[in-house]
Amino acid sequence: MRLFKIMAVSVLITGMLYGCSAPSEAQGTPPAPEVSVATPIVEQVVDWDEFTGRFEAPQSVEVRARVGGYIQAVHFRDGQYVRKGQLLFTLDPRPAQAALASARAQAAQAEAQVALARSELERAESLVAIQAISQAEADQKRAALRTAEASVAAAQAAVRSRQLDVEFTRVTAPISGRVSDRRVDAGNLVGGGSSAADVLTTIVASSPIHFVFEASEAVMLRYQREARDGTSAPIRIRLQDETGFRWTGTVDFSDNVVDTASGTIRLRAVVANGDGFLKPGLFGQARVAGAAPYQALLVPDAAVATDQSRRVVYVVDAENKVVARPVELGPLSDGLRVIRSGIEPTDRVIVNGQLRARPGQPVTPKVVEIERTPTDAQAPVTRAPPAATATPAGALSQRR
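Keep in mind the model is a prediction, meaning the values are calculated, not measured. (Residues numbered from 1 in each chain as written. Predicted model: local features only at pLDDT ≥ 70, side-chain atom pairs only at ≥ 80, totals over all residues. Heavy atoms only, no water.)

Attention now moves to the packing of aromatic side chains. By the definition in use, this model includes five aromatic pairs. Between Phe76 and Phe89, the ring centres sit 5.3 Å apart and the planes meet at 80 degrees, which makes this aromatic pair edge-to-face. Taken as a pair, Phe76 in the loop between strand S5 (69-74) and strand S6 (81-82) and Phe89 in strand S7 (residues 87-91) lie far apart in primary sequence, 13 residues in all. The buried category is assigned to Phe76, whose relative accessible area is 7%. Taking relative accessible area as the criterion, Phe89 reaches 0% and is therefore assigned buried. (Phe/Tyr/Trp six-rings, centres within 6.5 Å; stacked < 30°, edge-to-face > 60°. Helix = DSSP H or I, 4+ residues; strand = E, 2+ residues; numbered from the N terminus. Buried < 20%, exposed > 50% of the residue type's maximum accessible area, 1.4 Å probe, protein only.)

Structure, rendered in structure tokens:
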């Protein structure tokens, strides 16, 4: 009886142990982690060198009067666009007109002196012929005529000068561009005729506009060695409040010397500005094409991992196992990282779930599409309601 009880207890304990171990054996090995994979995008890209700079006006003029006088009238609105030759200010012309009348009177007086001297010379020559006067007296009359003729030329020059003074009482725009506000109101007396004269207003031309920045000597040398044909280097620019490089132009000038203190050279680009949105003095970030277009593979920048001193991407092989591939990186293009070498166009790159992936371990791949985040779109700018590296000019014009 006792042996029977012992056997029953043993069977009960064995059943309990089996019941505890059965679910564990039923679970088996954990499933392979799921990761998102995608094949790289294959396309032609251009490497861009990035710079910072400012916009400058191709022409800028401080408007001064060329004669002094009282401002009689102002003929423009502050900030309007003016064309070359357009009337801006009128000075009181009466003092200049009076000076012109005086000069004309002096010219008439000089012409009368010429007529008198000519008649006296004719009379003297007839008297010399009959030896009534000496030849010396006739020579004096001839010299008097020449002196009178010189006085006429001087008087006529004075008339032209006074005529210019009358014209200069009308201050016109020397260039076409955007005018600033008036610095002097009507009724004020202003000086004129020199660089120290009063500034009446300023005009800047901004269509097209220049973008000026500095480039390093190393980049300049690279550009010169890559120069092949006669095309100008393209440039893209974005403003402080923009995400895309929407402003385009071409590099048309570089300075003739390298700054020995900084090792840089000044570079200039021409940018279209038909609506005048860009203003001189604005800050901008620029990209200049650093090389000819080439075929490249692109993956999300987040797909690139760091393994000690090297950069790697994780790919899934034919057996759905993770393989780490060392890669050589290029620049970013529309939010994607250029891969120069290390992967193939058909590789399945892990773009999401890298933390769950271990080299050599199996995974469950889920195929997805690589999405772009464009930064170079030429999107229109929403208007608000009113309220370092360069190439010599010859070399830049020959860049490829």
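Okay, the sheet that holds strand S14 (residues 247-254) next. Strand order in this closed barrel of six strands is S3-S12-S15-S14-S13-S16, and the pairing throughout is antiparallel. Strand after strand, the sheet turns through a mean of 40 degrees between neighbouring axes, direction not considered. (Pairing = 2+ DSSP bridges. Axes fitted to C-alpha atoms, helices over the stretch in contact; angles between N-to-C directions.)

So, about the confidence of the model for the protein. In this model, the protein carries an average pLDDT of 83, and 84% of its residues clear a pLDDT of 70 or more. Mean pLDDT across the elements of the protein bottoms out in helix H5 (residues 393-396) (41) and peaks in S7 (96). With pLDDT under 50 throughout, residues 17-26 is counted as low confidence; its partners more than four residues away or in other chains account for zero contacts. Counted against residues more than four places away or in other chains, residues 377-400, with its pLDDT under 50, gives 83 contacts. (pLDDT = per-residue confidence, 0-100. Contact = heavy atoms within 4.5 Å.)

The next point concerns the nonpolar core. Ranked by size, the top nonpolar core spans 20 residues in total, and within it Phe55, Phe211, Ile235, Ile237 and Val271 carry the most contacts. Where this core is concerned, the elements lending two or more residues are strand S3 (48-56), strand S12 (209-216), helix H4 (217-226), strand S13 (234-239), S14, strand S15 (264-271) and strand S16 (283-289). No other element matches the four residues that S12 contributes to this core. In contact with Phe211, other than residues within four places in its own chain, are Thr52, Gly53, Arg54, Phe55, Ile235, Ile237, Leu267, Arg268, Ala269, Val271, Gly284 and Ala286. Counting 19 residues, the second largest nonpolar core, distinct from the first, contains Ala65, Phe76, Val82 and Ala173. (Core = buried A, V, L, I, M, F, W, Y, C linked by side-chain atoms within 4.5 Å.)

Given a rise of 1.5 Å per residue, 36 residues ought to cover 52 Å, and the 53 Å separating the end C-alpha atoms of helix H2 (residues 94-129) matches this to within 8%. Those residues of H2 not exposed but buried are Ala96, Leu100, Ala103, Ala107, Ala110, Val114, Ala117, Leu121, Ala124 and Val128. Directly after H2, the chain includes Gln131, whose backbone phi takes a positive value near 60 degrees. (Expected span 1.5 Å × (residues − 1).)

Along an α-helix, residues three or four positions apart point the same way, because every turn accommodates 3.6 residues. Counted at 1.5 Å a residue, the expected span for helix H3 (residues 135-168) with its 34 residues is 50 Å, and the 50 Å between its end C-alpha atoms agrees. Inspection of H3 places Ala138, Leu145, Ala148, Val152, Ala155, Val159, Val166 and Phe168 among the buried residues, and these make up the whole buried set. On its buried face, H3 is in contact with H2 and strand S8 (170-172).

Turning our eyes to something else, we now look at the packing of H2 against H3. For the pair H2 and H3, the least separation of the axes is 8 Å and the interaxial angle reads 165 degrees. The angle between the axes of H2 and H3 places the two elements in the roughly antiparallel class. Where H2 crosses over H3, the two elements pack in a sense that is left-handed. Taken together, the residues of the contact of H2 with H3 sort by class into 20 nonpolar, seven polar and ten charged. (Parallel < 35°, antiparallel > 145°, perpendicular 65-115°, else oblique. Left-handed = near helix turned anticlockwise from the far one by under 90°. Nonpolar A, V, L, I, M, F, W, Y, C, P; charged D, E, K, R; others polar.)

Mapped onto the secondary structure, Thr90 falls in strand S7. Judged by its relative accessible area of 13%, Thr90 falls in the buried class.

Of note, the amide linkage connecting Ser207 to Pro208 takes the cis form, showing an omega dihedral of 0 degrees. Looking at the secondary structure, you find Pro208 in the loop between strand S11 (199-205) and S12. A positive phi is found at Gln308, a non-glycine position, where the angle reads about 55 degrees. Considering the arrangement of structural elements, one finds Gln308 in the loop between strand S18 (304-307) and strand S19 (310-316). For Asn320, which is not a glycine, the phi torsion comes out positive at approximately 60 degrees. Within the secondary structure layout, Asn320 lies in the loop between S19 and strand S20 (322-326). Under the relative-accessibility criterion, Asn320 is labelled partly exposed at 26%.

This part covers the pattern of salt bridges. Within this structure, the stated rule accounts for 16 salt bridges. Asp139 is the partner of Arg142 in a salt bridge, and the nearest nitrogen-oxygen pair spans 3.0 Å. Separated by three residues within a single helix, Arg142 and Asp139 lie in helix H3, roughly one turn from each other. The exposure class assigned to Arg142 is partly exposed, which follows from its relative accessible area of 25%. Since its relative accessible area comes to 38%, Asp139 is described here as partly exposed. A salt bridge links Asp252 to Arg268; the nearest nitrogen and oxygen atoms lie 3.1 Å apart. With Asp252 in strand S14 and Arg268 in strand S15, the pair connects residues that are 16 residues apart, well separated along the chain. Classification of Asp252 as partly exposed rests on a relative accessible area of 34%. Here Arg268 falls in the partly exposed class, since its relative accessible area comes to 23%. (Salt bridge = Lys/Arg side-chain N within 4 Å of Asp/Glu carboxyl O.)

Further remarks concern the pairing of S14. Judged from the four bridges that link them, S13 and S14 form a sheet pairing that is antiparallel. Among the inter-strand pairings, Ile235 is bridged to a residue of S14, identified as Gly249. Sheet analysis places S14 next to S15, joined by five bridges and oriented antiparallel. For Gly249, the partnering residue across the bridge sits in S15 and is Val271.

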